[in-house]
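Each chain, letter by letter, is given below.
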Amino acid sequence: MKMKIRQAKWLLLIGMLFTSLASAAAGGVLIKDETLYSKPAVRSASVGKVARGTPVTVITRQGGWVEVTSGRTRGWVRMFSVRSSAGGGGNAASDLAGLARAGQRRPGNIVATAGVRGLNEEELKTAKYSERGIQDLASYSVSAGAARQFAGQARLTRQAVAYLPDPSRANGANSSNSWEVQ
């Protein structure tokens, strides 16, 4: 009995070690020429350029950005610019990560997804008002004439869309609107 407990502890310890090594850093390859930025924002300072096909080590992820290192250069790139190279990066962490994922692969069942769904909880907690951000948003607006011209060039047609019902006019405090998901 004592021997089984000791073996279980060792297996647990080894499993934790492999898991921590696998998540420490992941290997990747740039799928296009990319600029490395000092912060996860296009308006931050450029710290260098990295060519397509360059192996990188992914340090961390923030929103739609990943922090990577390539040689002595460290910076941020858009996450869609990095393809995972699990098991092929040559470092122990990425080799272990690839080994851990090997049992999950199913030949012929290739699925690739990526998504950015907005701000995470930590980003919401640390969010601050930005006059520059408001100005940036305003710079994206176009006049009604320019919008009509664009729509005409794209052969878009006008569509009438009914407004959603006003939730404050619902009958009774607990009634639901037809547009709410049940």
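Thresholds, definitions, all that
Residues numbered from 1 in each chain as written. Predicted model: local features only at pLDDT ≥ 70, side-chain atom pairs only at ≥ 80, totals over all residues. Heavy atoms only, no water. Helix = DSSP H or I, 4+ residues; strand = E, 2+ residues; numbered from the N terminus. Areas by Shrake-Rupley, 256 points an atom, 1.4 Å probe, with all protein chains shown as cover. Buried < 20%, exposed > 50% of the residue type's maximum accessible area, 1.4 Å probe, protein only. Polar contact = N/O pair within 3.5 Å; in protein donor to acceptor, adjacent residues only side chain to side chain. Contact = heavy atoms within 4.5 Å. Pairing = 2+ DSSP bridges. Phe/Tyr/Trp six-rings, centres within 6.5 Å; stacked < 30°, edge-to-face > 60°. pLDDT = per-residue confidence, 0-100. Patch = residues over 30% accessible without salt bridge, like charges linked within 9 Å, V, L, I, M, F, W, Y side chains within 5 Å. Salt bridge = Lys/Arg side-chain N within 4 Å of Asp/Glu carboxyl O. Core = buried A, V, L, I, M, F, W, Y, C linked by side-chain atoms within 4.5 Å.

What to know about the overall build of the protein
For the protein, the count of helices and strands is 5 helices and 7 strands. When its helices and strands are written in sequence order, the protein yields α-β-β-β-β-β-β-β-α-α-α-α. Of the roughly 14,800 Å² of accessible surface on the protein, a fraction of 57% belongs to carbon and sulfur atoms.

A word on the side chain of Glu34
The topology assignment puts Glu34 in strand S2 (residues 34–37). The buried category is assigned to Glu34, whose relative accessible area is 6%. For Glu34, the side chain forms a polar contact with the side chain of Arg78, separated by 3.3 Å. If we skip the residues at most four places from it in the chain, Glu34 touches Gly48, Lys49, Val50, Val77, Arg78 and Ser81.

Some remarks on the side chain of Ser70
Among the structural elements, Ser70 can be located in strand S5 (residues 65–70). A residue is classified by how much of its surface remains accessible, and Ser70, at 17% relative accessible area, is buried.

A few points about the pairing of strand S4 (residues 55–62)
Of the strand pairs in this sheet, strand S1 (residues 26–30) and S4 are connected by 4 bridges, and their pairing is antiparallel. Directly across from Gly27, in S4, lies its bridge partner Thr57. With 5 bridges connecting them, S4 and S5 associate as antiparallel partners. Pairing of Arg61 across the sheet is with Val66, part of S5.

Regarding unusual backbone geometry
The phi torsion at Arg155 lies on the positive side, around 60°, for a residue other than glycine. Tracing the sequence through the fold places Arg155 in the segment after helix H5 (144–153).

Quick word on the pairing of strand S6 (residues 73–78)
As judged from the 6 bridges shared by S5 and S6, these two strands associate in the antiparallel manner. The residue of S6 that forms the bridge with Val66 is Val77. In sequence, S5 turns back onto S6 through a hairpin of 2 residues, with Gly71 there showing a positive phi of about 65°.

Quick look at the packing of aromatic side chains
Describing an aromatic ring pair means giving the distance of the ring centres and the angle of the ring planes. Following the criterion strictly, the structure yields 1 aromatic pair and no others. Centre to centre, the rings of Tyr37 and Trp65 are 5.8 Å apart; their planes meet at 85°, and the pair counts as edge-to-face. Note that Tyr37 is positioned in strand S2 and Trp65 in strand S5, a separation of 28 residues in sequence.

As for the confidence of the model for the protein
Scored by pLDDT, the protein comes out at a mean of 75, with 61% of its residues at no less than 70. Below pLDDT 50 for its whole length, residues 87–92 participates in 8 contacts with residues either more than four positions away or in separate chains. A low-confidence stretch, residues 94–103 stays under pLDDT 50, and its non-local contacts, those more than four residues away or across chains, total 18 contacts.

What to know about a nonpolar patch on the surface
On the surface, Tyr129, Ile134, Leu137 and Tyr140 cluster together into a nonpolar patch covering about 530 Å² of accessible area. With respect to the element layout, Tyr129 can be found in the loop between helix H3 (121–126) and helix H4 (131–139). Tyr129 sits in the exposed class, given a relative accessible area of 62%.

Some points on the nonpolar core
Grouped together as the largest cluster of nonpolar side chains are 10 residues: Leu30, Leu36, Val50, Val56, Val58, Val66, Val68, Val77, Met79 and Val82. Contributing elements (two or more residues each) for this core: S4 and S5. Setting aside residues no more than four positions away along its own chain, Leu30 makes contact with Val50, Ala51, Arg52, Gly53, Thr54, Val56, Val77, Ser81 and Val82.

What to know about the environment of Glu67
Structurally, Glu67 is set in strand S5. Each C-alpha atom of the pair Glu67 and Val77 lies 6.5 Å from the other, and the pair is 10 residues apart in sequence. For Glu67, the residues in contact, after removing those within four places along its chain, are Thr57, Val58, Ile59, Thr60, Arg74, Gly75 and Trp76. Within the structure, Glu67 has its side chain in polar contact with the side chain of Arg74 (distance 2.9 Å).

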